[in-house]
Amino acid sequence: MTQIPWTLKTFTLLLKTCIAEREIFRGKSLHALYLKSIVPPSTYIANHFILLYSKCGRLSTARHVFEQTPQPNVFSYNVIVAAYAKESQTRIAHQLFDTIPQPDIVSYNTLISAYADCGDTEPALRLFESMRDMGFDMDGFTLSGVITACGNDVGLIGQLHGFAVAGGFDSYVSVNNVLVTLYGRNGFLGEAKRVFYGMGEELRDEVSWNSMIVAYGQHREGAKALALFKEMIGRGFVVDMFTLASVLTAFTCLTDLVGGLQFHGKLIKTGFHQNSHVGSGLIDLYSKCGNGSMLNCKKVFEEIPWPDLVLWNTMISGYSQNEEFSEEALECFKQMQRVGYRPDDCSFVCVISACSNLSSPSQGRQVHALSIKSDIPSNRISVNNALIAMYSKCGNLWDARRLFDRMAEHNTVSLNSMIAAYAQHGLGMESLLLFEHMMEVNLAPTSITFISVLSACAHTGKVHEGKKYFNMMKEKFGIEPEAEHYSCMIDLFGRAGKLTDAEKLIETMPFNPGSIGWAALLGACRMHGDMELAVKAANQFLLLEPSNAAPYVMLANMYAKAGKWEDVATVRKLMRDRGVKKKPGCSWIEVKKRVHVFVAEDSSHPMIKQIHEYLEEMWRKMKQAGYVPDVRWALVKDDEAGKGEKEIRLGYHSEKLAVAFGLLSTKDGEPILVVKNLRICGDCHNAIKFISSISGREITVRDAHRFHSFKEGKCSCGDYW
């Protein structure tokens, strides 16, 4: 067998091929030959091995090779700094940077880029100032890195934009591209367009077009995004995986599933459907527009031979966005770790959201502990924001506030999460005080902020304050009210009994109120018994969503309480004829890390006999304390069931069964949390107040609208719900 003549040129060529193709096993074989001195040792070759191991995620091996290099040069340092920077280990990267004898512009750019990727603005700016003080000639990569590090600080981005123009750096395409990206991401579509169209034809590259397409998608301008994509094709630009993913974002924002399916077909023909980046766009499309069809998402995922961390995160996110698949989100998170991926901040945000959907305190605490033990910095603001929302949705407002207070810094999302938490728990005053604090510290509220603020006003009857904040949106902050904001105002007027004001607001809205607005009005009519207006609201609701069971059920319940059983029968027949099925009510509770689910008149639970016996005893004590069952909530005609039978049916509603099981299965004094998928029954709301007083327990019920915290015979909602 002829021995291969190992020349330096041949060896280097093979090594570069391994680096380009991430061929770790062949690369290790070459490293073994190198250590046997097949080729002369050199800093040049050692640098390439550092690069190989860092590109393949073998950070400790890359560091070992670096330390064994007899005379590391600035390139050696730059490669190992970049390796740690890529893994978001900026502290170690900076320590290594400080040991470089003579750092060059690449050294500075590498570390600035690392801080930019981690969203650490201050260290990036300090390095930038250091470069300027030392007289370094900066380039486009320097400034684009510093601008990226600014994240959502639009004021600072604007200042650096001005610096770029003054210094002639706006001729660098990388600088313009990052400006388009950040202006678009932070809500300044006009600025993004000015930068993009001001670049001129010769200065735009594929990244420029992709960035502008994404910016349009982020602002729900899907049609413009698709038009720009067609123009890009017409001008002969090369379409890559980033372009295709941007186009999928446009279909997603348009909720155009048909167009997305057709585009998916084209991707299959070109083979791009097996690309991780494109696959992430497809999964996002199907999870948001496919009527909860996670089966398509799973098929897309399974067709990709080498899924990366971003794809895993997108799959977890898809599951968590469709609440019925939250268990699958947790399993996907675990499977990702089994195959060797370390979760990043995005992974944690997605899986924490799934824990929120499940209202699983035990799962949430486990994920919180894992995030602390991981390489994610403990002060990563996005993870803490998700944890605040999770603890709140799991009924633990105290832990949510404690975490909020311990955060080193807050952003708009942090305040939004805490404001929403107070609003959901019926603590309107605390919610509004936090909003005032938000304005005092000059954190600009967003559209989402005002949804929480207006919701807090609606749930606490603060009509005057609600009108003030609604007007403030556009007058002070330039935020145009959307359907959700009008819905909150309709709910605010409706709950306060101002149905005429609610109807007038609907009639004067600048756009169709949509099903959300009519649903809010219908709920208010049910609360105050306005049958005539309820029929009008239900009919408008059904014109928009004929297959939605909510308006049928709400109208039937109103007729039943009014004793209009012929009208009840008419509504129910209409539901049957149209094939509309009522969503079955169920309640669940987590005890000892296991979730127990109950439905009305449930007999399947292994402890159902003890639960019934407990409820019968509690029923007797409640009546002695003054409880009177509200048989109207049984929704059964008198000739179909007597008063006694109606009371029995009321006694075995799902939330009562779950509460009874929770009290039986936990220690005295221990608070319990019950979750219901629908609005809590009026009789159950009254009954649980008595149960909380008799048992001496704090009982929290999270229904489809809000939290009800029952303690000593009272509810946190003040019976205003």
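## Focus: the overall build of the protein
Next up, step 1: Helix and strand counts for the protein come out as 38 helices and 6 strands.
Next up, step 2: Across its three principal axes, the protein shows a C-alpha extent of roughly 100 × 55 × 50 Å.
Next up, step 3: When contacts within the protein are restricted to residue pairs at least 6 apart in sequence, those whose partners lie at least 24 apart make up 61%.
Next up, step 4: Put simply, the protein shows about 34,800 Å² of open surface, and 53% of that area lies on carbon and sulfur atoms.
Next up, step 5: On the protein, the mean spot of the 77 positive side-chain charges and the mean spot of the 77 negative ones are 4 Å from each other.

## Quick notes on the confidence of the model for the protein
Next up, step 1: On average, the protein scores 85 in pLDDT, and the residues at 70 or more come to 95%.
Next up, step 2: Helix α36 (residues 643-651) is the least confidently modelled element of the protein, averaging 67 in pLDDT, while helix α37 (residues 654-665) averages 93, the highest of any element.

## Some remarks on the layout of surface pockets
Next up, step 1: Taken as a whole, the second largest pocket spans an internal volume of roughly 790 Å³.
Next up, step 2: Lining the second largest pocket are 31 residues, and of these Cys-394, Gly-395, Pro-671, Ile-672 and Leu-673 sit closest to its centre.
Next up, step 3: Those elements giving two or more residues to the lining of the second largest pocket turn out to be α22 (361-373), β1 (586-591), β3 (672-676), β5 (707-711) and β6 (714-715).
Next up, step 4: It is β1 that provides the largest number of residues to the lining of the second largest pocket, a total of 4 residues.
Next up, step 5: Class assignment of the residues belonging to the lining of the second largest pocket gives a composition of 13 nonpolar, 10 polar and 8 charged.

## Re a negative patch on the surface
Next up, step 1: Judged by side-chain charge, Glu-323, Glu-324, Glu-327 and Glu-328 come together as a negatively charged surface patch.
Next up, step 2: Here Glu-324 lies in the loop between α19 (309-321) and α20 (326-338).

## Overview of the packing of helix α33 (residues 549-561) against helix α34 (residues 565-577)
Next up, step 1: Contact geometry of α33 with α34 gives a least axis separation of 8 Å together with a crossing angle of 165 degrees. Considered as vectors, α33 and α34 are oriented roughly antiparallel to each other. The chirality of how α33 crosses α34 is left-handed. Along the contact surface, α33 presents Ala-549, Tyr-552, Val-553, Leu-555, Ala-556, Tyr-559 and Ala-560, while α34 presents Trp-565, Asp-567, Val-568, Val-571, Leu-574 and Met-575.
Next up, step 2: Considering only residue class, the contact of α33 with α34 consists of 12 nonpolar, no polar and 1 charged.

## Focus: helix α17 (residues 276-289)
Each α-helix winds once per 3.6 residues, and so residues spaced three or four apart point in a common direction.
Next up, step 1: Look at α17: 20 Å from first C-alpha to last across 14 residues, which is about the 20 Å you get at 1.5 Å a residue.
Next up, step 2: α17 sits mainly inside the fold: 11 of its 14 residues count as buried.
Next up, step 3: Within the sequence span of α17, burial applies to Ser-276, Val-278, Gly-279, Ser-280, Gly-281, Leu-282, Ile-283, Leu-285, Tyr-286, Ser-287 and Cys-289.
Next up, step 4: Buried residues along α17 sit in contact with α15 (241-253), α16 (257-270), α18 (294-302) and α19.

## Remarks on the side chain of Ser-359
Next up, step 1: Locating Ser-359 in the fold gives a position in the loop between α21 (345-358) and α22.
Next up, step 2: Overall, Ser-359 belongs to the buried group, its relative accessible area being 5%.
Next up, step 3: Residues within four places of Ser-359 in sequence aside, it is in contact with Lys-393, Cys-394, Leu-673, Val-675 and Arg-702.

## Focus: the pairing of β5
Next up, step 1: Counting buried residues in β5 gives 4 out of 5 residues, a clear majority hidden from the surface.
Next up, step 2: Pairing geometry for strand β4 (residues 699-702) and β5, over 4 bridges, is antiparallel. Within the sheet, the bridge partner assigned to Arg-702 lies in β5 and is Phe-707.
Next up, step 3: Following β4, the chain reverses through 4 residues before pairing antiparallel with β5.

## Comments concerning α18
Next up, step 1: Inspection of α18 places Met-294, Cys-297, Val-300 and Phe-301 among the buried residues, and these make up the whole buried set. Down the axis of α18, the buried set is contained in an arc of 110 degrees. They therefore lie on one face. Relative to its buried face, α18 has exposed residues pointing more than 90 degrees away, namely Leu-295 and Glu-302.
Next up, step 2: In this structure, the buried residues of α18 make contact with α16, α17 and α19.

## Some thoughts on unusual backbone geometry
Next up, step 1: Of note, Lys-593 is a non-glycine position whose phi angle comes to about 65 degrees, a positive value.
Next up, step 2: Position of Lys-593 among the secondary structure elements: in the loop between β1 and β2 (594-599).
Next up, step 3: For Glu-712, which is not a glycine, the phi torsion comes out positive at approximately 55 degrees.
Next up, step 4: Locating Glu-712 in the fold gives a position in the loop between β5 and β6.

## Considerations on the packing of helix α8 (residues 121-133) against helix α9 (residues 140-149)
In a pair of packed helices, the angle between the axes and the distance between the axes together describe the arrangement.
Next up, step 1: Two elements in contact, α8 and α9, have axes whose closest approach is 8 Å; the angle formed by their N-to-C orientations is 150 degrees. It follows that α8 is roughly antiparallel to α9 by the angle criterion. Handedness of the α8/α9 crossing: left-handed. Residues Thr-121, Ala-124, Leu-125, Phe-128 and Met-131 of α8 touch α9, and the partners they reach there are Thr-142, Leu-143, Val-146 and Ala-149.
Next up, step 2: Classifying every residue of the contact of α8 with α9 by side-chain character gives 7 nonpolar, 2 polar and no charged.

## So, the sheet that holds β6
The strands that make up a sheet pair up through hydrogen bonds in the backbone, lying either parallel or antiparallel.
Next up, step 1: The strand order β2-β1-β3-β4-β5-β6 describes an open sheet built from 6 strands, whose pairing is mixed. The open sheet has two free edges, formed respectively by β2 and β6, since each of these has just one partner strand.
Next up, step 2: Across 3 bridges, the pairing between β1 and β3 is antiparallel. Paired with Ser-587 across the strands is Lys-676, a residue of β3.

## Section: the environment of His-31
Next up, step 1: Tracing the sequence through the fold places His-31 in helix α2 (residues 24-35).
Next up, step 2: For His-31, a relative accessible area of 11% gives the class buried.
Next up, step 3: In contact with His-31, not counting residues within four places along its chain, are Phe-49, Tyr-53 and Val-65.

The rules behind these values
Each chain carries its own residue numbering, running from 1 in the written order of its sequence. Side-chain atom pairs in this predicted model are given and counted only at pLDDT of 80 or more, local residue features only at pLDDT of at least 70, and totals for whole chains, interfaces and linings cover all residues. Hydrogens and water molecules were not included; the side-chain quantities draw on all heavy atoms of the structure. Put simply, DSSP H or I for four residues or longer makes a helix, DSSP E for two residues or longer makes a strand, and each gets a number counted from the N terminus. The contact rule is simple, with two residues in contact once any of their heavy atoms fall within 4.5 Å. Surface accessibility in these figures is a Shrake-Rupley result with a 1.4 Å probe; residues are shielded only by whichever protein chains are displayed. Just so you know, the count uses Lys and Arg for positive and Asp and Glu for negative, and it drops His and the chain ends. Charged side chains are reduced to one point each, which is NZ for Lys, CZ for Arg, CG for Asp and CD for Glu. pLDDT measures the predictor's confidence residue by residue and takes values from 0 up to 100. As defined here, a cavity is a set of points on a 1 Å grid over the protein atoms alone where a 1.4 Å probe fits but cannot get out. A pocket is an open set with protein on both sides within 12 Å along at least five of seven lines, and residues line them when an atom is within 4 Å of a point. Grid points are joined across faces, edges and corners, and a volume is the space filled by probe spheres set on the points. Charged means Asp, Glu, Lys or Arg here, nonpolar means Ala, Val, Leu, Ile, Met, Phe, Trp, Tyr, Cys or Pro, and polar covers whatever is left, Gly included. For patch building, the residue pool is restricted to those with more than 30% relative accessible area and no salt bridge; the joining distance is 9 Å between like charges and 5 Å between nonpolar side chains (Val, Leu, Ile, Met, Phe, Trp, Tyr). By convention in these notes, a salt bridge is any Lys or Arg side-chain nitrogen within 4 Å of a carboxyl oxygen on Asp or Glu. Axis lines are fitted to C-alpha atoms, over the contacting stretch for helices. Their N-to-C directions set the angle, which ranges from 0 to 180 degrees. Orientation labels follow simple angle bins: below 35 degrees gives roughly parallel, above 145 gives roughly antiparallel, 65 to 115 gives roughly perpendicular, and whatever is left gives oblique. For any pair of crossing helices, the crossing counts as left-handed if the nearer helix is rotated counterclockwise from the farther one by less than a right angle, and right-handed if it is rotated clockwise. To estimate how far a helix should extend, the number of its residues minus one is multiplied by 1.5 Å. Think of it in three bands: with a 1.4 Å probe and only protein chains considered, a residue is buried below 20% of the maximum accessible area for its type, exposed above 50%, and partly exposed in between. Whether two strands pair depends on DSSP finding at least two bridges between them. This arc corresponds to the set of directions leading from the helix axis out to the C-beta atoms.

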